[in-house]
Amino acid sequence: PNYKDKALLDCGLVIENEQGKRYDRFRDRVMFPIQDRRGAIIGFGGRVLSGGDSGPKYMNSPETSLFEKGRELYGLTQARNAIRQSNRVLVVEGYMDVVALAQYSVENAVATLGTATTLIHIQTLLRSADEIVFCFDGDAAGQRAAWHALEVSLEALSDKKTLKFLFLPAEHDPDSFVRERGTEAFEQSVREAQPLSAFLLDTLRKQADLSSLEGRSKLIAEAKTLLKRVAAPGLQLQLVKALADMTQMTQMEVARLTEIRLAATGYTRPVSKPTPRTGGDVRLERELLRCVLLQTELASLVDFEFLDRSHAEGSALAAVIDALRDEPALTPALLCERFQDGEHGALIAGLQAEFLREEHVDEDLRAVAAHTVAALADRRQRVRFEELKTKINAGQASRDEQREYAALSVRKRGVELASGAGAPI
């Protein structure tokens, strides 16, 4: 290949050392093409073929504008038909597991790409099937990976969807298990996987001594944050009932302690207090937040001065932009994780889920963002114009404010003449 080609360096197929010499990133490795949901190759994975000093056993392409590990899943394109037919998707830890399972006719498996499961992964898979089964090793690392997957999935749960967890024996991964025990034994294990609710409750139960008052109180305290994040109302109610049985409390007591509101006739979510509005239009901040959550580099277009932070969307947008200015490398997936436990976590996760469902593949987000930023600037000038007008009418405007009002009046008149409609600035 032409090692001087800039595209090879940009996409990470070659590495340039300090002396300017270039060499293959995936030398001495078998390579696996990574495709996006439309089947286009956007990166590669590599596995060492033999021993020796060849660096890490597994390696992925570096992230680029096309390849973002927190969004993509290995094998999803090839598994799509099998997922549709079985209405189930199996999530394993590596692309070698996906290949090995496919060789044994388990073709509905996908893998994350060297990163923990993200909310975007969950949302993508729930659009493809009604059941997700996470398959992890039974060791401590597998338990931690499974618990992380559970936590990030809570905001995406639906009462019409099912998430399960399969923990293989300590000596096995999916590859070795299916080779030793066969396809039927593996698929039987998948069918018997532990539901998310059971995994959640069992994990909490192990952390508390339910024979003591303190232990039962601790369990409720540990469950509170998790329970509030469950997006499926029916499942949330069932968890309240289960926790009540485990802690010898009533359902109403558990609901009160976890800040979940139960009505006599059923379930309702807590009603948030309405936020005050200024002269702003929440639709503008919401649209700009959509653009930034889908394409984080667009945050650089936004001027804090024009944001209306009196409503939730404006406040969340300001926080997201602030975070991205501190850490420009944050991806949409990492951004969602960054906020998941904070004030704006539920709003950002919900909006991101909603925006991803829309799947505007061909949309020019930069153009949309630029247009929305211009609309925010115009809105700010309209508000300022009215503020100055009120001051002048009351005889309270300074000379600088009078000059500013005159300039805005000229601009307002110019816009009216240009539009022919007498529209305000």
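The preceding data block contains the structure.
What you are looking at is a predicted structure, and each value in this text was computed from that prediction instead of being measured.

Colleague: So what's going on with the overall build of the protein chain? Which residues, and what values?
Modeller: Of regular secondary structure, the protein chain possesses 17 helices and 12 strands. Taken across its 425 residues, the protein chain has 42% of its residues classed as buried. Considering only contacts in the protein chain between residues 6 or more positions apart, those separated by 24 or more positions represent 63%. Total accessible area on the protein chain is roughly 22,100 Å²; 50% of this is exposed by carbon and sulfur atoms.

Colleague: Could you give an account of the nonpolar core, with specific residues and numbers?
Modeller: Val 110, Leu 125, Ile 132, Phe 134, Leu 150, Phe 165 and Leu 243 are the most contacted members of the largest nonpolar core, which has 48 residues in total. Not counting residues within four places of it along the chain, the set of residues in contact with Leu 150 comprises Phe 165, Leu 196, Phe 199 and Leu 200. Judged by nonpolar contacts, the second largest core, of 29 residues, contains Leu 288, Leu 293, Ala 299 and Ala 318.

Colleague: Provide a residue-level description of the pairing of strand E9 (residues 162–168), including the pertinent values.
Modeller: The buried fraction of E9 is high, at 5 of 7 residues. Alignment of strand E8 (residues 131–137) against E9, held across 7 bridges, turns out to be parallel. Looking at E9, one finds that Val 133 is bridged to Lys 164. Since E8 and E9 lie parallel, the crossover through helix H5 (residues 140–153) that links them has a hand, and here it is right-handed. Pairing of E9 with strand E10 (residues 194–195), which is carried by 2 bridges, proceeds in the antiparallel orientation. Looking at E10, one finds that Phe 165 is bridged to Gln 194.

Colleague: An account of helix H6 (residues 174–181) is requested, with residue identities and associated values reported.
Modeller: Along H6, the positions that sit buried rather than exposed are Pro 174, Asp 175, Phe 177 and Val 178. Looking one or two residues past H6, Gly 182 carries a phi angle of roughly 95°, positive in sign.

Colleague: Pulling in residues and values, what's your account of the packing of helix H9 (residues 213–229) against helix H10 (residues 233–247)?
Modeller: One way to put it is that H9 packs onto H10 with a least axis distance of 11 Å and a crossing angle of 175°. In terms of orientation, H9 and H10 fall into the roughly antiparallel class. Contacts between H9 and H10 pair Arg 216, Leu 219, Ile 220, Ala 223, Leu 227 and Lys 228 from the former with Gln 236, Leu 239, Val 240, Leu 243, Met 246 and Thr 247 from the latter. For the contact of H9 with H10, the per-class residue count stands at 8 nonpolar, 2 polar and 2 charged.

Colleague: Any details on the sheet that holds strand E5 (residues 58–60)? Residues and values, ideally.
Modeller: In space, the 3 strands of this open sheet follow the order E3-E4-E5, with antiparallel pairing throughout. Of all strands in the sheet, those bounded by a partner on one side alone are strand E3 (29–35) and E5. In this sheet, adjacent strand axes meet at a mean angle of 20° when their direction is disregarded. Taken together, the 7 bridges between E3 and strand E4 (residues 41–48) define a ladder with antiparallel strand orientation. Residue Pro 33 lies in a different strand from E4, and its bridge partner there is Phe 44.

Colleague: Mind laying out the side chain of Thr 372, listing which residues take part and the relevant values?
Modeller: The topology assignment puts Thr 372 in helix H16 (residues 365–393). Among the residues examined, Thr 372 registers a relative accessible area of 4% and is labelled buried.

Colleague: Tell me about H9, residues and numbers included.
Modeller: Look at H9: 25 Å from first C-alpha to last across 17 residues, which is about the 24 Å you get at 1.5 Å a residue. A maximum bend of about 40° is found in H9 at Ala 223. Inspection of H9 places Gly 215, Arg 216, Leu 219, Ile 220, Ala 223, Leu 226, Leu 227 and Arg 229 among the buried residues, and these make up the whole buried set. The inward-facing, buried residues of H9 abut H5, helix H8 (196–206), H10 and helix H11 (251–257).

Colleague: Explain the packing of H5 against H8 residue by residue, including any values.
Modeller: Running from N to C, H5 and H8 point in directions that differ by 115°, and their axes come no closer than 11 Å. In this structure, H5 crosses over H8, and the sense of that crossing is left-handed. Here Gln 143, Ala 146, Trp 147, Leu 150 and Ser 153 of H5 come into contact with H8, specifically with Leu 196, Phe 199, Leu 200 and Thr 203. Residues that form the contact of H5 with H8 fall into these classes: 6 nonpolar, 3 polar and no charged.

Colleague: So, the sheet that holds E10: which residues are in play, and what are the values?
Modeller: Pairing is mixed in the open sheet, where 5 strands are placed in the order E7-E6-E8-E9-E10. Of all the strands in the sheet, the pair left with one neighbour each is strand E7 (109–111) and E10. Pairing geometry for strand E6 (residues 88–92) and E8, over 4 bridges, is parallel. Residue pairing for E8: Val 91 is matched across the bridge by Phe 134.

About the thresholds
Residues numbered from 1 in each chain as written. Predicted model: local features only at pLDDT ≥ 70, side-chain atom pairs only at ≥ 80, totals over all residues. Heavy atoms only, no water. Helix = DSSP H or I, 4+ residues; strand = E, 2+ residues; numbered from the N terminus. Buried < 20%, exposed > 50% of the residue type's maximum accessible area, 1.4 Å probe, protein only. Contact = heavy atoms within 4.5 Å. Areas by Shrake-Rupley, 256 points an atom, 1.4 Å probe, with all protein chains shown as cover. Core = buried A, V, L, I, M, F, W, Y, C linked by side-chain atoms within 4.5 Å. Pairing = 2+ DSSP bridges. Right-handed = clockwise from strand over helix to strand, strands pointing away. Axes fitted to C-alpha atoms, helices over the stretch in contact; angles between N-to-C directions. Parallel < 35°, antiparallel > 145°, perpendicular 65-115°, else oblique. Nonpolar A, V, L, I, M, F, W, Y, C, P; charged D, E, K, R; others polar. Expected span 1.5 Å × (residues − 1). Bend = angle between axes of the 7 residues up to and from the residue. Left-handed = near helix turned anticlockwise from the far one by under 90°.

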